[in-house]
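Observations on the three-dimensional arrangement
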Amino acid sequence: MIFRQLFEPLSSTYTYLLGCEETGQAILIDPVIVAIERDLGELSRLGLRLAYSLDTHIHADHITAALELKKRVGSKIAGPAIDRLPCVDAEIEEGRPFQLGAILLKPLHTPGHTDGHFAYVSDERVFTGDALLIEGCGRTDFQNGDAAALYKSVHEKLFSLPDDCLVYPAHDYNKRHVSSIAQEKERNPRLGEGRTLEQFKEIMAGLNLPYPKFIDHAVPGNRQCGVCPADLPDKLAQYCAKMTDSQQG
């Protein structure tokens, strides 16, 4: 399998490119609209055709490139069935593998950051979205987030994966690229180190994080698989750069 990890610095988002050498088809996990030219360029450089975009959840900090990619290159949109998005072409459910050529993804429903959050296991890798970050995790105070649910998702599903399984998160803010299940069990200050559920709930309740500046625009736009809201303030317009004229209108 061809594998690339791509970083978008505006929202500190990792996008993952998975390519099947047999069919020449590819999947992009968590593509970001401002990085669409980069992603299409990388696909072209590798001689791959994008078949699917796949999001781990409805993002609050950026606009997904799923719809724009579909317009540009005809790729299909895959996403968690639980979110019931009418713009999705392929609905993802736990217990039903998602396959494209030699690429096989095992979806895991991992609610807590959002209620519809999914992680995807591929051989020795797991793409954890915001459920499990490198020595951290996504916040649980919006989009039907729930600290107890996230604790259960991580401990019962992600931490049950092999210790040497590589953890590839949706974000990192400290220039780190990859972790492992063993490392997160041992070193994650929120979910590892033997933390109990009550300790985790106390940690998350005490974060006192500011209200996300983009959430009121990103969530409605991402529920449409990547539409830039018409009422977007000028100071946030950079999050929707690279849109086609038809989508901007």
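One can find the structure itself at the top, above this paragraph.
Bear in mind the structure is a predicted one, so any value in this text is a computation, not a measurement. (Residues numbered from 1 in each chain as written. Predicted model: local features only at pLDDT ≥ 70, side-chain atom pairs only at ≥ 80, totals over all residues. Heavy atoms only, no water.)

**Observations concerning the sheet that holds strand S12 (residues 179-180)**
- Pairing in this open sheet of six strands is mixed, and the strands run S7-S8-S9-S10-S11-S12 from one edge to the other. Either end of the sheet is taken by a strand with one partner, and the two such strands are strand S7 (98-100) and S12.
- Relative to S12, strand S11 (residues 166-169) runs antiparallel, the two sharing two bridges. When the bridges of S12 are listed, Val-167 appears paired with Ser-179.
- Sheet strands touched by helix H3 (residues 147-158): strand S8 (103-109), strand S9 (118-122) and strand S10 (125-129). Its angle to S8, the strand with the most contacts, is close to 135°. (Pairing = 2+ DSSP bridges. Helix = DSSP H or I, 4+ residues; strand = E, 2+ residues; numbered from the N terminus. Contact = heavy atoms within 4.5 Å. Axes fitted to C-alpha atoms, helices over the stretch in contact; angles between N-to-C directions.)

**Brief notes about the state of the cysteines**
- Under the criterion given, the structure shown has one disulfide.
- Across a sulfur-sulfur distance of 2.0 Å, Cys-87 and Cys-225 are joined as a disulfide pair. Looking along the S-S bond of the Cys-87-Cys-225 disulfide, the torsion reads about 80°, which is the right-handed sense. With Cys-87 in the loop between strand S5 (76-80) and strand S6 (90-92) and Cys-225 in the loop between helix H6 (215-222) and helix H7 (245-248), this pair connects stretches of sequence that are 138 residues apart.
- A residue is classified by how much of its surface remains accessible, and Cys-87, at 19% relative accessible area, is buried.
- Judged by its relative accessible area of 3%, Cys-225 falls in the buried class. (Disulfide = S-S within 2.5 Å. Buried < 20%, exposed > 50% of the residue type's maximum accessible area, 1.4 Å probe, protein only.)

**Overview of the packing of aromatic side chains**
- Within this structure, the stated rule accounts for 11 aromatic pairs.
- Relative to Tyr-168, the ring of Tyr-16 has its centre 5.6 Å away and its plane inclined at 70°; by these criteria the two rings are edge-to-face. One end of the pair, Tyr-16, is in strand S2 (residues 13-19); the other, Tyr-168, is in strand S11, with 152 residues separating them in the sequence.
- Residue Tyr-16 is classed as buried on the basis of its relative accessible area, which comes to 1%.
- Aromatic side chains Tyr-52 and Phe-98 sit 5.0 Å apart centroid to centroid with 85° between the ring planes, which places their arrangement in the edge-to-face category. Residue Tyr-52 is located in strand S4 (residues 49-54), and its partner Phe-98 is located in strand S7; the two are separated by 46 residues in the primary sequence.
- A residue is classified by how much of its surface remains accessible, and Tyr-52, at 16% relative accessible area, is buried. (Phe/Tyr/Trp six-rings, centres within 6.5 Å; stacked < 30°, edge-to-face > 60°.)

**Thoughts on the pairing of S9**
- Of all five residues making up S9, five are buried, and the element is well covered by its neighbours.
- With burial as the criterion, each face of S9 is covered, one bearing Phe-118, Tyr-120 and Ser-122 and the other bearing Ala-119 and Val-121.
- As judged from the four bridges shared by S8 and S9, these two strands associate in the antiparallel manner. Opposite Leu-108, over in S9, you have Ala-119 as the bridge partner.
- Relative to S10, S9 is paired through three bridges, and the arrangement is antiparallel. Its bridge partner lying in S10, Val-121 is registered against Val-126.
- Between S9 and S10, which follow one another and run antiparallel, lie two residues, and Asp-123 among them has a positive phi close to 55°.

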